[in-house]
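Okay, here's what each chain looks like letter by letter:
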Amino acid sequence: MKTLSFNHSGKFKIVQFTDLHLQNGELEDEKTITLMEKILDKEKPDLAVLTGDTIRALHCIDPKKAFSLAVGPMENRRIPWAAVFGNHDDEGAVSKEDLMNLQKGYLHCYSRPGSKNVTGVGNYDIPIYQQDGSLSFILYFLDSGSIASGTIGGYDWIKRNQIEWYEHKSRNYSFLNKKPLPSLAFFHIPLPEFNDLWDYHVTYGNKFEPVGCPKVNSGLFSAMVERQDVKGIFVGHDHINDFCGDYFGIRLAYGRATGFNTYGKEGYPRGARIIELLDNTFRTWIRLEDGSVIENQIIHHPQGNSDENRYVEVQ
């Protein structure tokens, strides 16, 4: 597997696809793949990331075939890609282990199963290097689970041993770099802090459904604040939310839902979030299915006082 590096212009571009919900190659699936192909051809990313619910396994005749359909646009273009699992990927007869083994067989896949001693499948990191070979950014990928077990109900939360895994990795990278190394994190289910961000801080973008976060806050966000390395957290799960904003120095951001074979909202087109790394920071925008770009997202003020006529470029 080749190392991933900034280009000669000093940039590294990521396309985040989320909630494809591919099934059996229906017309909606064909539209999803066409959208992915158009965005990849327009943006020409250095890495594509699938942030969960890549397939709706319970409705798939062949879940592995559906997952293979999802990665075709990247494989055909020789674009590196990585994925995390959502709450629908391993429904029915297919397991996360099955899907991870499938991914490992692709030439341009950077997904890894991670340690068997850590909860979930697909807790791993990808280092990004500068042209001179020095470490520049770290990308963390976490399995955010599915449905909470026991009587608590709701969605699962990232477990303590996963947080400890991240902290261990972060300390090691900081030791090598002599200071915290700028990082991003990708997983499927949003953290409870996404609610706090929307309710009490200025955000940019839309919230058309409740934040589908766990009832339990297991402390991942606090750990990342303490480690002072993660600059952005990118999630999916909620198909008609795309807001983002800064929360204690970390940009919390939804991707833009990509899949047509699932619920959406009239007048809210599918697309993808684009993330461009720039030395020790990043900028982000949204690319829509018609090829247009949203760089200036609507400002939402706390307590729901959105200014419908004011927009801001999200850096």
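For the structure itself, consult the block above.
Residues numbered from 1 in each chain as written. Predicted model: local features only at pLDDT ≥ 70, side-chain atom pairs only at ≥ 80, totals over all residues. Heavy atoms only, no water.

1. Re the overall build of the chain
(1) Moving on: Of the regular secondary structure elements, the chain holds 6 helices and 16 strands.
(2) Moving on: Expressed as lengths along the three principal axes of its C-alpha atoms, the size of the chain is roughly 50 × 50 × 45 Å.
(3) Moving on: The contacts of the chain with a sequence gap of at least 6 include a subset with a gap of at least 24, amounting to 69%.
(4) Moving on: If you sum the accessible surface of the chain, you get close to 13400 Å²; carbon and sulfur atoms cover 48% of it.
(5) Moving on: Each charge sign in the chain was given a centre, from 34 positive and 41 negative side chains, and these centres are 5 Å apart. (Helix = DSSP H or I, 4+ residues; strand = E, 2+ residues; numbered from the N terminus. Contact = heavy atoms within 4.5 Å. Areas by Shrake-Rupley, 256 points an atom, 1.4 Å probe, with all protein chains shown as cover. Lys, Arg positive; Asp, Glu negative; His and termini not counted. Charge placed at Lys NZ, Arg CZ, Asp CG, Glu CD.)

2. Section: the packing of helix α4 (residues 160-177) against helix α6 (residues 220-227)
(1) Moving on: The N-to-C vectors of α4 and α6 enclose an angle of 10°; their axes lie 10 Å apart at closest approach. Considered as vectors, α4 and α6 are oriented roughly parallel to each other. When α4 is examined against α6, the residues Ile-163, Tyr-166, Glu-167, Ser-170, Arg-171 and Ser-174 are found in contact with a partner set consisting of Leu-220, Ala-223, Met-224 and Arg-227.
(2) Moving on: Classifying every residue of the contact of α4 with α6 gives 5 nonpolar, 2 polar and 3 charged. (Axes fitted to C-alpha atoms, helices over the stretch in contact; angles between N-to-C directions. Parallel < 35°, antiparallel > 145°, perpendicular 65-115°, else oblique. Nonpolar A, V, L, I, M, F, W, Y, C, P; charged D, E, K, R; others polar.)

3. Concerning helix α3 (residues 96-104)
(1) Moving on: Of the positions making up α3, those classed as buried are Lys-96, Leu-99, Met-100 and Gln-103. Buried residues of α3, seen end-on, are gathered within an arc of 100° and therefore sit on one face of the element.
(2) Moving on: Tucked inside the fold, the buried residues of α3 contact α2 (63-77) and β4 (81-84). (Buried < 20%, exposed > 50% of the residue type's maximum accessible area, 1.4 Å probe, protein only. Arc of directions from axis to C-beta.)

4. Concerning the packing of aromatic side chains
(1) Moving on: Following the criterion strictly, the structure yields 15 aromatic pairs and no others.
(2) Moving on: A ring pair is formed by Phe-208 and Tyr-268, whose centres lie 5.6 Å apart and whose planes are at 90°; its orientation type is edge-to-face. Here Phe-208 is found in the loop between β8 (203-204) and α6, whereas its partner Tyr-268 is found in the loop between β11 (250-254) and β12 (271-278), with 60 residues between them in sequence.
(3) Moving on: With relative accessibility at 7%, the residue Tyr-268 sits in the buried group. (Phe/Tyr/Trp six-rings, centres within 6.5 Å; stacked < 30°, edge-to-face > 60°.)

5. A short note on the sheet that holds β12
(1) Moving on: The 6 strands lie next to each other as β4-β3-β2-β12-β13-β14, forming an open sheet whose pairing is mixed. Bordering the open sheet on either side are β4 and β14 (293-294), each of which pairs with just one other strand.
(2) Moving on: With 4 bridges joining them, strand β3 (residues 47-51) and β4 adopt parallel strand pairing. Considered in β4, the bridge of Thr-51 is made with Val-84.
(3) Moving on: Where helix α1 (residues 27-43) meets the sheet, its contacts fall on β2 (11-17), β3, β12 and β13 (281-288), and the angle it forms with β2 comes to roughly 170°. (Pairing = 2+ DSSP bridges.)

6. Thoughts on unusual backbone geometry
(1) Moving on: Unusually for a residue other than glycine, Asp-19 sits at a positive phi of about 55°.
(2) Moving on: When you line up the elements, Asp-19 lands in the loop between β2 and α1.
(3) Moving on: Asp-19 gets classed as buried once you look at its relative accessible area, which sits at 2%.
(4) Moving on: Positive phi, normally seen in glycine, also occurs at Asp-279, with a value near 60°.

7. As for the environment of Asn-7
(1) Moving on: Topologically, Asn-7 is positioned in the loop between β1 (4-5) and β2.
(2) Moving on: Judged by relative accessible area, Asn-7 falls into the partly exposed class, the value being 30%.
(3) Moving on: Once the C-alpha coordinates of Asn-7 and Tyr-129 are considered, the two residues, 122 residues apart in sequence, prove to be 9.6 Å apart.
(4) Moving on: Excluding its chain neighbours within four sequence positions, the residues that come into contact with Asn-7 are Asp-46 and Gln-131.
(5) Moving on: Within polar-contact distance, the side chain of Asn-7 engages the backbone nitrogen of Ser-9 at 2.8 Å. (Polar contact = N/O pair within 3.5 Å; in protein donor to acceptor, adjacent residues only side chain to side chain.)

8. Points about the side chain of Asp-242
(1) Moving on: Tracing the sequence through the fold places Asp-242 in the loop between β9 (230-235) and β10 (244-247).
(2) Moving on: In terms of polar contacts, Asp-242 uses its side chain to reach the backbone amide nitrogen of Asn-206, at 2.7 Å.
(3) Moving on: A distance of 2.6 Å separates polar atoms of two side chains, one belonging to Asp-242 and the other to Arg-256.
(4) Moving on: With near-sequence residues (within four places) excluded, Asp-242 lies in contact with Tyr-204, Gly-205, Asn-206, Tyr-254, Gly-255, Arg-256, Tyr-268, Arg-273, Ile-286 and Gln-297.

9. Thoughts on the side chain of Arg-256
(1) Moving on: Considering the arrangement of structural elements, one finds Arg-256 in the loop between β11 and β12.
(2) Moving on: A distance of 2.9 Å separates the side chain of Arg-256 from the backbone oxygen of Pro-269, its partner in a polar contact.
(3) Moving on: Among all residues touching Arg-256, those that are not within four sequence positions of it are Thr-18, Asn-206, Asp-242, Tyr-268, Pro-269, Arg-270, Gly-271, Ala-272, Arg-273, Ile-286, Leu-288 and Ile-294.

10. With respect to the pairing of β2
(1) Moving on: β2 sits mainly inside the fold: 6 of its 7 residues count as buried.
(2) Moving on: The pairing of β2 with β12 spans 6 bridges and is classified as antiparallel. Within β12, the position partnered with Lys-13 by the bridge is Glu-276.
(3) Moving on: Note: β2 against β3, 4 bridges, orientation parallel.

Fair warning: the whole summary comes from geometry, so function is off the table for now.
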